[in-house]
Amino acid sequence: MSDRNILVWFRNDLRTEDNEILLEACEKANSIIPVYVFDPRYYKTTTYDTLKTGHLRTQFVIQSVANLKQSLQNLGGDLLVLQGKPEEIIPQIAQKYNADVVYHHREVASEETEISTLVEDALWKFKINLKHFIGHTFYHKEDLPFPIKDIPDIFTTFRKKVERESTVRPCFKSPTKIIIPNNLEASTLPSLADLGFYACADDIAAANFKGGESEGLKRLKYYLWDTDLLKKYKLTRNGLLGMDYSSKLSPWLAAGCLSPRSIYWEIKKYEKERGANDSTYWLIFELLWRDYFRFMFKKHGTKYFLETGFKNKTQDLAPNQIELFELWKKGKTGIPFIDANMIELNQTGFMSNRGRQNVASFLIKDLKVNWVLGAAYFEEKLIDYSPSSNWGNWAYIAGVGNDPREDRYFNIIKQAIDYDPKAEYVKHWLPQLEKIPHNKVHDLYHLSESDLLKYEVKLGDNYPFPIVKLPAYSKY
Ligand SMILES: Cc1cc2nc3c(=O)[nH]c(=O)nc-3n(C[C@H](O)[C@H](O)[C@H](O)COP(=O)(O)OP(=O)(O)OC[C@H]3O[C@@H](n4cnc5c(N)ncnc54)[C@H](O)[C@@H]3O)c2cc1C
């Protein structure tokens, strides 16, 4: 062991398992200084008039940081939790505790990498190095069969070659002991109010996810080992209602409470012990999308945040798009399948993949609202928000990103009937539609005034008039 102190700067890697920066620091240093910084830039209003982080994700992050602090304390260490700009705080703390080097995991999106550059520059003035590690993906970029600039813009081409030619590295073991400086100052976690939120207990209680590595590991164990839900994932993954139709691992992945690699190896272990099938493969397949969008962000950079994407295409926009956008956000479009999904998002911070595809397509293709506004709204609301997965998927649906098909269109009524045939999902979030028979609820245009009266629905009163006439769906 060399005689040195290493500052471990935690960001979206709030875990002790499979965490290379933590393990290597413990192995190389006499003492480590683990730090997490709540950066005010993540809690401000954006140019789209949305928040960068809404209250539910903020709560999830606070819980995740608290859990990490506890885990480090259990190993004899601690986590210094501070508020401010990392480029001011990290060099200050590094100097105070004589750190020789700072470790962090490299990010891909522009705001995150700009912050690490600022930190790197500020540290450099004190001759302290910022060492970058890779820890957010299945594959290291060095293990891909192509350099980043040559990664195919079509997922299937990428996937086939990667599946053939690349391997996922093993996980790092967890540290068994953390040694911190004797004089490491005490610190406490900020409350939601400290970060500018005045949410009430009910607002928070609606979230189905609790932050932290312990909760993430519990969910992984539940989904694989306790319930064998993994075995039928491919059949259930397009579900809408409840916790069990898909893995629901995304919030813990986004905050780095779980490493994708540890999920990969847990699935492999499961396949060995309980058998492999299409479903066990499919979860890995879906997780590969996550890797793919991160690599795409490295390739195309800030183009994913532009309305024209990397395809340089413009979108048709409605003259009253802001008015339509407001109704979409509130779940007041008069299209039950859309409104139910938006209400779920607003109340819980989560929406299924099927729901996300539909509300995004509806906003872009049916309402003709700038897709960037929708992506910014998701950025505020989603508990599992991650820049590359969110903006990459939105750009895909807007036709300015990685979708190889031109002008893909989701027929919302058909989708609603296919994926919510008994209307259980819609009625769960819109109880005022309860009395409408399930085979009539998805398209209110088909109901006469007398029917609506019979089912106790008064358009414009307890449910909005549809704001757009969707293409008829003949099978309805
Ligand atoms: C418009 C839109 C925005 C999205 N924004 C985000 C986002 O900000 N953060 C996010 O994690 N996912 C995002 N997704 C992808 C996907 O909807 C969620 O990952 C998924 O619904 C999370 O639920 P789950 O963990 O149960 O998923 P599962 O179906 O159990 O999938 C397992 C994991 O695979 C990954 N994954 C699955 N589908 C995708 C995908 N299409 N793109 C990237 N990764 C995927 C996720 O990490 C997910 O946790 C978005 C999709 C759309 C269409």
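Within every chain, residues take consecutive numbers counted from 1 along the sequence as written. Side-chain atom pairs in this predicted model are given and counted only at pLDDT of 80 or more, local residue features only at pLDDT of at least 70, and totals for whole chains, interfaces and linings cover all residues.

Novice: How should I be thinking about the overall build of the protein chain in this particular structure?
Specialist: Helix numbering and strand numbering both begin at the N terminus, where a helix is a DSSP run of H or I of at least 4 residues and a strand a DSSP run of E of at least 2. Helix and strand counts for the protein chain come out as 19 helices and five strands. Partly exposed residues are those whose C-beta has more than 12 but fewer than 20 other C-beta atoms within 10 Å; with 20 or more the residue is buried, with 12 or fewer it is exposed, and the C-beta atoms are placed from the backbone. Looking at the 476 residues of the protein chain, the share that counts as buried comes to 43%. When contacts within the protein chain are restricted to residue pairs at least 6 apart in sequence, long-range pairs at least 24 apart make up 77% of them. Once C-beta atoms are placed from the backbone, any two residues with those atoms within 7 Å are in contact.

Novice: What am I meant to see in the sheet that holds strand β1 (residues 5–10) here?
Specialist: The pairing of strands in a sheet comes from backbone hydrogen bonds and takes either a parallel or an antiparallel form. The criterion for strand pairing is that DSSP finds at least two bridges linking the strands in question. Reading across the sheet, the five strands line up as β3-β2-β1-β4-β5 and stay open at both edges, with parallel pairing between neighbours. The open sheet has two edge strands, β3 (80–83) and β5 (129–133), and neither has a second partner. Looking at each pair of strands side by side, their axes are set apart by 30° on average, direction ignored. The pairing of strand β4 (residues 101–105) with β5 spans five bridges and is classified as parallel. Within β5, the position partnered with His104 by the bridge is His132. Each axis is a line fitted through C-alpha atoms, taken for helices only over the stretch in contact, and angles between the N-to-C directions span 0 to 180 degrees.

Novice: Any chance you could explain the domain arrangement of the protein chain here in plain terms?
Specialist: The parts lose accessible area when they come together, and the size of an interface is often stated as this lost area. Here the protein chain is described as being made up of domain 1 (1–135), domain 2 (136–170 + 213–300) and domain 3 (321–454). Using C-alpha coordinates to define each centre, domain 1 is positioned 25 Å away from domain 2. Listed by partner, the interface residues are 18 residues for domain 1 and 16 residues for domain 2. Ranked by the residues each element gives to the side of domain 1 that touches domain 2, the list is headed by helix α2 (residues 55–74), at six residues. Polar here means any residue outside two lists: the nonpolar Ala, Val, Leu, Ile, Met, Phe, Trp, Tyr, Cys and Pro, and the charged Asp, Glu, Lys and Arg; Gly therefore counts as polar. Broken down by class, the residue content of the side of domain 1 that touches domain 2 amounts to seven nonpolar, seven polar and four charged. Note that domain bounds follow an automatic or database assignment of domains.

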